[in-house]
Structure formats: C-alpha cells, structure tokens
Amino acid sequence: MAPTTPKDVKTFVVPHVTMYFDIVCPFAFIASERIDDIARFTGADVTWVPVLLGGLYDLTNAPQGKAGSSSDAVTSPQKKAILAADFQRELERYQLPLKFHPQHPLKSVDAGRLLCAFPPAHRRVLAHALFREYWYKGANINNRATLLRIARSLKLTSRAAPTHPGPFSMDPSLPFELDESVFSDVQWAEKLRANTMEAFERGAFGVPSFWIEERQRLLWGQDRMHMLEADLISLKLARPMESIRQLERLHPRCLRTPPEDRIRKLTFWFDFSSPWAYLGWTQLERLQRESGPGLKIELKPFLLGALFRAIGTPMVPMETMPEAKKTYILQDQQVWAKYWNAINAQEYPPLDPVGFQWPDEFPIKSVTALRVAILEPKTVPAIYRAAWSDNKPISDNKVLADVLDAAGFAGAKLVLDATTGLKAEGVKEKLRSNTDEAVKLGICGAPTYQIGTTLIWGQDKLNVVQDLVLGWKPGFSHLKASVAAFPHFDYRL
C-alpha cells in the first residue's frame, strides 16, 4: 500500500531559483549578501550561475561606459548624481563597507571560469569569497594566482591529489586539480559562454538576475528581491501572493514607528505622463497612514519632458533601451501594480485597488492636466486613474473635462482656466516655475520624493522614503535594513 500523507500535515513546495551574477557588479555583490537569508526563510533551492556582464551587454547591444555600467554612456550628470547617492544609501542600509578597486571594473573572465569549474554545491562559497575579496579588500581578480589563493583558502581537496579533508574542508572533493590548468580548460570557457547565453535567452540584460523556474519568470536587480521573496513564499505555500501575511514587510526597512503628530513634510514631484509616478502616487495614502497626521504631503506637478530636455535625457527613455530591457520594464510595471494592489488590499481599512494598463496614447501630453492639478490638487486621483487605469486620453481637453465632471468637479471651467481663462497665465507660470525648480534641485525623473534636501528617485525606493519620513538619518542612524526593521528581530522567525 502506498504511504499516505495525513490531512493535517502541511506539505511545502521547494521553489527553484537561478541567480545570474558577475563578481565585478556591485549590485550583484549586494544581492549575494542578501540571497542566503531569502533562501533560508523560503526554503528555496538557489543555483548560483556566473555570467559575463559584458557579454550580456554585447548580446543586448547595450552601450558600456568606463565604469562598467551599460547606462554610463547615456546617463545625464543629474541622474548619475542621484544614482550615486542612492547606491551609497543602499550600502549604508545593508551595512556593507564596499570600496571600488582603483581599476574597476577588472576583467572577470578567469573568475567566471573558475566558478564554472566548481561544483554547484561549492560554488556559492567560492562566489562569496571572490565577492568579498574584490569588494572589501580590492583583490585583483584578474590575476590567476590571486584567484587560486582565494579558492585554496576554502581548504577543498582535489580528487587528483587527495589529502585528509581536515576540520575545515568540504566534501565531496573537487573533481579537478586546483591549479592554472582550470583556466585553460575549454569546457569551463564554453560553460561560461553558455551561462551568459542562457541568461540572455531568459530575458536578462544585466545582473543580478533571478530566474524563478516554477514561474518561468525573470526578476532583475537587488532592489526587486522583496518581490523574489514574495514569489518564493507564494510557491512554497501554494497560495497567491495576495494572501501572504504582512506582505509589505518583505520590503526591507531600517525603522518602523507608530503614527506621530510630529510635523514633517514630503514633497511628491510628479507628471501624469509617467507610469512610475502613477504607481508611486497609489502608495501616498498608505504612507500618510503609517506616518501619522504630522506628515504633510505636498503634490508638486512639473513638466517631465521639459526637465528631460534641460538635463539631456531622451524624451522617452524607454525607446533608447535595449529591446530586452524594454520588454522587461513593461512587465515590471505590471508586477509592481500587482504588488501594490495586494498591499493596499491588506491595509485596514483597505485602500483603493491599483488598476494599471498601458495607455493607447503614449507618451501622454499632460500639460493641461498638470495645470488643472495646480488649480485644484483634489483632481489628481481622478486624472491619474483615468490615464493609467481606465486608458482615457487625458491630453484631449474634452475627455479631460468629462473625467473631471464624472469626479464631481466643474470640468469645463477647470480646463478653461488652465488654458485660456483669466487664471491661465498664472497657472502656466506656476508650472514653468515648478519645472525650473526641479532642474535646479537636481531632479532627474518622476516620481521624486523630497524630504528636506534629500531626493529619492523612483517609486521602487518607497521603503527608503518611509524610513526617512520616520526619522532614519543616513550617517547617524546605525540600523540595518531588514524585513522587520530591527537588526535583532525578524517576524519570519
């Protein structure tokens, strides 16, 4: 008789994840320091697969700048400054004292071949050692002697020259001699090329990238690892993501406090033409609830296209992206909408659902809608939902007026005041002034969250915004980002 499983005994699925990485990518290094915790909490089987980041850039026809990033060659100085500040914040939040090698990026071909040679059971340990030697100690990973020194420090034994394993060795032993011959072995060179091609064929255009086998889906970036964790928990429990308890807590935080009366101000810089600004806007009410009545949120409309012209950014940045990245970004927006929708549903009382569909008219000409928002900020919800949830062409003044009428406003009058009425010149000047201010502040896109003099770009950084609003201060608050916001407590335990 076949064994049976008692009905009251829960069975769990073991999810499978492939993590594509290259030692010379700092974001892959951050991911390498976080992935083990996620694997432990979700029970996922994580396979570490080395690739050549430069090879992915070649396959996707992405330009590569001097610093090794595909965005270096096409990124404006303002955006570079924002990204640099964001990167330093991430290092501080995860308490990673990273430093760049003077000749960064070093060639990682030999490091990749060595990683391919190591059995999967030992590859994670070697990858950690290589990452930390390069990013903490500035080791020359383009030097074969250095690579062998690091590998030998793991005290693995070779099948060709067996020794007593010792208390710090790992079994089984390596199936090859740990010497220079590993770098000239054609099979490892071919394996590294095959890994890179596999990642590309699965949609990867950069690292770290995570392939979820059961979903047949790719996630890119260490700042998407909370979504990776949510997916893995969903697979493990065989439950939809929406039912995961305290889903919002998977987004790492440094600080969580009860709502406060303490006076604070957050400025939300936006343009109706940005899908990311729409997604960010859907979370402002939740941010207000968490922070308390002392937080004042100011909505600041500006012309994103005019800012792009001023700082030298393409008018539609997505059109300049490699095809693989463009495809991913469109999917990523849908994933974020689903994620925020699930979080809104878990609030008490629940917040409005987050509908999202790509509009038939894009890019959206949002000038009149932005002027209306300046005249009457309460119109923002109706305009945003019309543009990004209901697929209504808000650049058409008649459609815009109808949207406003349906929301209880005097639509025709607001549109008239925003275009040719007595208030038109004043509101036009206010929109120009907001845009000029955005340029002077160093804003590079929408949405941008401003807390004091600190600028946070992107709705995917809302967890950082929440920390700053609650009082986390970079350089002063020595709290590590975690799912429970305190370094010594984790609700998943």
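Calculation notes
Residues numbered from 1 in each chain as written. Predicted model: local features only at pLDDT ≥ 70, side-chain atom pairs only at ≥ 80, totals over all residues. Heavy atoms only, no water. Phe/Tyr/Trp six-rings, centres within 6.5 Å; stacked < 30°, edge-to-face > 60°. Helix = DSSP H or I, 4+ residues; strand = E, 2+ residues; numbered from the N terminus. Lys NZ or Arg CZ within 6 Å of the ring centre and 35° of its normal. pLDDT = per-residue confidence, 0-100. Contact = heavy atoms within 4.5 Å. Pairing = 2+ DSSP bridges. Axes fitted to C-alpha atoms, helices over the stretch in contact; angles between N-to-C directions. Salt bridge = Lys/Arg side-chain N within 4 Å of Asp/Glu carboxyl O. Buried < 20%, exposed > 50% of the residue type's maximum accessible area, 1.4 Å probe, protein only.

Undergrad: It is not clear to me how the packing of aromatic side chains should be interpreted in this structure. Could you clarify?
TA: Any pair of aromatic rings gets described here by the distance separating the centres and the angle formed by the planes. Counted under the stated rule, the structure contains 30 aromatic pairs. Judged by centre distance (5.7 Å) and plane angle (75 degrees), the ring pair of Phe21 and Trp48 falls under edge-to-face. Of this pair, Phe21 sits in strand S1 (residues 16–21) while Trp48 sits in strand S2 (residues 45–50), and the two are 27 residues apart along the sequence. Cluster of aromatic residues (ring-pair linked, three or more members): Phe268, Phe270, Phe272, Tyr278, Trp281, Phe356, Trp358, Phe362, Tyr384, Trp388 and Tyr449. Above the plane of the ring of Trp472 lies Arg93, whose end atom (NZ or CZ) is 5.3 Å from the centre.

Undergrad: What is the right way to read the confidence of the model for the protein chain from this model?
TA: Reading predicted coordinates in detail is not appropriate for stretches of low pLDDT. Across the protein chain, pLDDT averages 91, with 90% of residues at or above 70. Confidence drops under a pLDDT of 50 for residues 160–171, and excluding neighbours within four residues, the segment shows 16 contacts in the predicted structure. Low pLDDT, under 50, characterises residues 486–493; the predicted model gives this stretch 19 contacts beyond four residues in sequence or across chains.

Undergrad: Teacher, can you tell me more about the sheet that holds strand S5 (residues 264–270) here?
TA: Hydrogen bonds between backbone groups are what pair the strands of a sheet, and the pairing can be parallel or antiparallel. Read from one edge to the other, the open sheet built from four strands follows the order S6-S5-S7-S8, with strand pairing classed as mixed. This sheet does not close on itself; its edge strands, each paired only once, are strand S6 (295–301) and strand S8 (454–457). In this sheet, adjacent strand axes meet at a mean angle of 20 degrees when their direction is disregarded. Across three bridges, S5 lies against strand S7 (residues 448–451) in antiparallel orientation. Looking at S7, one finds that Phe268 is bridged to Tyr449. Running at roughly 160 degrees to S6, helix H11 (residues 284–291) makes contact with S5, S6 and S7 of the sheet.

Undergrad: Any chance you could explain the pattern of salt bridges here in plain terms?
TA: In a structure, side chains of opposite charge can pair up when their charged atoms sit close to one another. Per the stated rule, a full pass over the model turns up 35 salt bridges. In this structure, the salt-bridge partner of Arg202 is Glu213, at a minimum N-O distance of 3.8 Å. Placement of the pair is Arg202 in the loop between helix H8 (186–201) and strand S3 (209–212) and Glu213 in the loop between S3 and strand S4 (217–220), with a sequence separation of 11 residues. Arg202 sits in the partly exposed class, given a relative accessible area of 25%. The partner of Arg256 in a salt bridge is Glu248, and the shortest N-O contact between them spans 3.0 Å.

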